[in-house]
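This is what each chain is made of:
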Amino acid sequence: MSVARKAESKIQNIPEGKKNNLLNNKVIRSILTSRWFPAIIQIPVLAVFTLIVVELIAGPGSAHDNFGTAGTWVLWWPLIPIIFVLLGRFWCAICPFATVSDFVQKIVGNNRPVPKFLRKYGIWIIDIFFILITWSDHTLGVVENPRGSGILLLIMTTGVIASGAFFERRTWCRYVCFLGGLSGNYARSGALELHATPEKCAKCTTQSCYKGNEKIAGCPMFEFPRTMDSMARCNLCANCIKTCPNDSIQLVTRVPSKGLWFIKKPKFEESFLAIVIMGIVFVQNITMLEVWQEILKALENFIGTTNYFVTFTITFLIAMAIPVLALFGSSYVSKLANKRSTIENFARFGYALIPLDLAGHIAHNLFHLLAEGKSVIFTFMALFGVEVGHGASTALMSDSTIQILQYVLIAIGTFASIFAAYKISKTNFEAVGKSIASFMPFAFLTLILGAINIYLFMLPMAMRM
């Protein structure tokens, strides 16, 4: 029996009363099993989303004065990765796009099976969408232009409506949504884990957790709790908790990043997304630096053009390519020790970088939240004709305090990624005595990536709003 299976067996054999099952708490159980959950949260979230879209399309043309821009990019976008850490993909249960998809499906849904193409290549579609949206943010000014942000949300809403009208369950969320791909990767290292009790499931004949019953729909994300081995696709909608006739479902807390240690079937495309996110965070940081204009001018002189479309695209490709090539290099060195292929090592150890991804993502957006946070209040009050904060600072904290928080986050993320790589290596290569040799290239890579993040956060950044 492999180390991973031994560890899994130990977890499953812990007496049920000793497990940290949050569903043993009457308040939590009553909330999750209520017929009003998650609708009671979905409705106000949808209302706020509608307000934001209207404001982006019809509100002030300046991002500085637009509540839609502040609400989306200064408040929601910085908070979303924090939600992924604490609650996994719970946002996907209350996301307005998912709510719209469910509504359309009830009215005109054809409930066709997911196309084989999406099932096979969905994660690559997500990868491409995520890259293109980040690229368009800088080349087309999506964030700085409220109309651009509004059009982006309307395009996504159109896709959601089409998906809900034609295909079953939440096909869009599972196979197309770029935020779903991001949240899936991040949720793997989150602090919550939902799983079934094997002994109880073995006696079940209804499979209602997946199929649903006459009152509650089945799992919208196509997951079967009995065989689910990660939180990458569970959105904590609680449908399985409500429909399980055997009280098999458990919701437990775990050490963040523990979900990365025992991945049974690592996928190259998921690890590729993890390392690409690292490159994208580098791009976001570089373009916010006060020295970015100097870097841009030097690049223009080198390639002989002042076309920003060209110069940024080159910067973007380089920033993404460097981490990807570095991970390939580490995977090759590890191959020399464990005799597995470079691709297999890339797929297996790429997951270890997710905690550092998360830390970099949160640290980057922490600047927006804490240095520009008051803009959310100012622009919201302006909706009611109340002018506040005119000419005042939008900062909630000083730059030096924000910088310290960023350093702490990167340090935590670096340690968590190194430890995850160690656990992955120990799980897969300890039996052949190659765990340390397989682990060291990725530990070295993580330290370098962490140091680059620290250096970028040391440099002065410019405001977005």
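Residues numbered from 1 in each chain as written. Predicted model: local features only at pLDDT ≥ 70, side-chain atom pairs only at ≥ 80, totals over all residues. Heavy atoms only, no water.

A. Summary view of the packing of helix 6 (residues 96–108) against helix 8 (residues 146–166). Packing of helix 6 against helix 8 brings their axes to within 8 Å, and their N-to-C directions diverge by 35 degrees. The two elements helix 6 and helix 8 meet at a crossing, and its hand is right-handed. Taking contact as the criterion, the partners of Phe97, Val100, Ser101, Val104, Gln105 and Val108 in helix 6 are, on helix 8, Leu153, Met156, Thr157, Val160, Ile161, Gly164 and Ala165. (Axes fitted to C-alpha atoms, helices over the stretch in contact; angles between N-to-C directions. Helix = DSSP H or I, 4+ residues; strand = E, 2+ residues; numbered from the N terminus. Left-handed = near helix turned anticlockwise from the far one by under 90°. Contact = heavy atoms within 4.5 Å.)

B. Representation of helix 10 (residues 178–187) in the model. With ten of ten residues buried, helix 10 lies mostly within the body of the structure. Inspection of helix 10 places Phe178, Leu179, Gly180, Gly181, Leu182, Ser183, Gly184, Asn185, Tyr186 and Ala187 among the buried residues, and these make up the whole buried set. (Buried < 20%, exposed > 50% of the residue type's maximum accessible area, 1.4 Å probe, protein only.)

C. View of the packing of aromatic side chains. Inspection of the entire model under this criterion finds 29 aromatic pairs. Aromatic pair Phe268 and Phe328: ring centres 6.1 Å apart, planes at 40 degrees, arrangement tilted. In this pair, Phe268 is assigned in helix 14 (residues 268–288) and Phe328 in helix 16 (residues 308–338), connecting sequence segments 60 residues apart. Here Phe328 falls in the partly exposed class, since its relative accessible area comes to 27%. Through pairs of rings, three or more aromatic residues link up here, namely Trp261, Phe262, Phe415, Phe419, Tyr422 and Phe439. The ring of Tyr210 is capped by Arg169, whose NZ or CZ atom sits 4.3 Å from the centre of that ring. (Phe/Tyr/Trp six-rings, centres within 6.5 Å; stacked < 30°, edge-to-face > 60°. Lys NZ or Arg CZ within 6 Å of the ring centre and 35° of its normal.)

D. Molecular detail of the environment of Ile131. Turning to its location among the elements, Ile131 is positioned in helix 7 (residues 116–139). Counting along the chain gives 145 residues from Ile131 to Val276, while the straight-line C-alpha distance between them is 8.2 Å.

E. Structural context of the side chain of Ser435. Note on placement: Ser435 falls in helix 21 (residues 435–458). Ser435 has contacts with Ser425, Lys426, Phe429 and Glu430, leaving out every residue within four places of it along the chain.

F. Spotlight on the side chain of Ser230. Within the secondary structure, Ser230 sits in the loop between helix 12 (208–211) and helix 13 (239–243). A relative accessible area of 13% places Ser230 in the buried class. A polar contact is formed between the side chain of Ser230 and the backbone nitrogen of Ala232, at a distance of 3.2 Å. (Polar contact = N/O pair within 3.5 Å; in protein donor to acceptor, adjacent residues only side chain to side chain.)

G. Expanded view of the nonpolar core. Residues Trp91, Leu194, Leu236, Ile241, Ile275, Phe316 and Leu449 are the most contacted members of the largest nonpolar core, which totals 117 residues. In terms of residues, this core owes the most to one element, helix 14, which gives twelve residues. If near-sequence neighbours (up to four positions away) are discounted, Leu236 is found in contact with Phe37, Leu87, Phe90, Ala93, Leu192, Leu194, Met231 and Leu251. The next biggest cluster of nonpolar side chains, apart from the first, holds seven residues, and it includes Leu366, Phe367, Leu369 and Leu370. (Core = buried A, V, L, I, M, F, W, Y, C linked by side-chain atoms within 4.5 Å.)

H. How the structure looks around the state of the cysteines. Tallying each qualifying case throughout the model produces zero disulfides. For the unlinked cysteine Cys177, the closest cysteine sulfur is that of Cys173, found at 6.2 Å. (Disulfide = S-S within 2.5 Å.)

I. Highlighting the environment of Ala70. Of note, Ala70 is situated in helix 4 (residues 67–87). Separated by 308 residues in sequence, Ala70 and Phe378 have C-alpha atoms that sit 9.3 Å apart.

J. Structural context of the packing of helix 4 against helix 10. Packing of helix 4 against helix 10 leaves a shortest axis separation of 9 Å and a crossing angle of 40 degrees. Classified by the interaxial angle, the pair formed by helix 4 and helix 10 is oblique. Side by side, helix 4 and helix 10 meet where Trp76, Trp77, Pro81 and Phe84 of the first sit next to Phe178, Leu179, Leu182, Ser183, Tyr186 and Ala187 of the second. When the residues that make up the contact of helix 4 with helix 10 are grouped by side-chain class, the tally is nine nonpolar, one polar and no charged. (Parallel < 35°, antiparallel > 145°, perpendicular 65-115°, else oblique. Nonpolar A, V, L, I, M, F, W, Y, C, P; charged D, E, K, R; others polar.)

K. Looking closely at the pairing of strand 1 (residues 192–196). Counting buried residues in strand 1 gives four out of five residues, a clear majority hidden from the surface. When strand 1 meets strand 2 (residues 249–253), the two strands line up antiparallel, connected through five bridges. Across the sheet, the residue bridging to Leu192 is Thr253, located in strand 2. (Pairing = 2+ DSSP bridges.)

L. Up close: the pattern of salt bridges. Using the criterion set out here, one finds nine salt bridges in the structure. A salt bridge links Glu223 to Arg174; the shortest N-O distance between them is 3.5 Å. Placement of Glu223 in the loop between helix 12 and helix 13 and of Arg174 in helix 9 (residues 171–175) is noted, with a sequence separation of 49 residues between them. Side by side, Glu223 and Arg174 carry an identical accessibility label, which is buried. Glu193 serves as the salt-bridge partner of Arg254, at 3.8 Å between the closest nitrogen and oxygen. (Salt bridge = Lys/Arg side-chain N within 4 Å of Asp/Glu carboxyl O.)

Interpretation note: all reported values are geometric properties and have no functional meaning in isolation.
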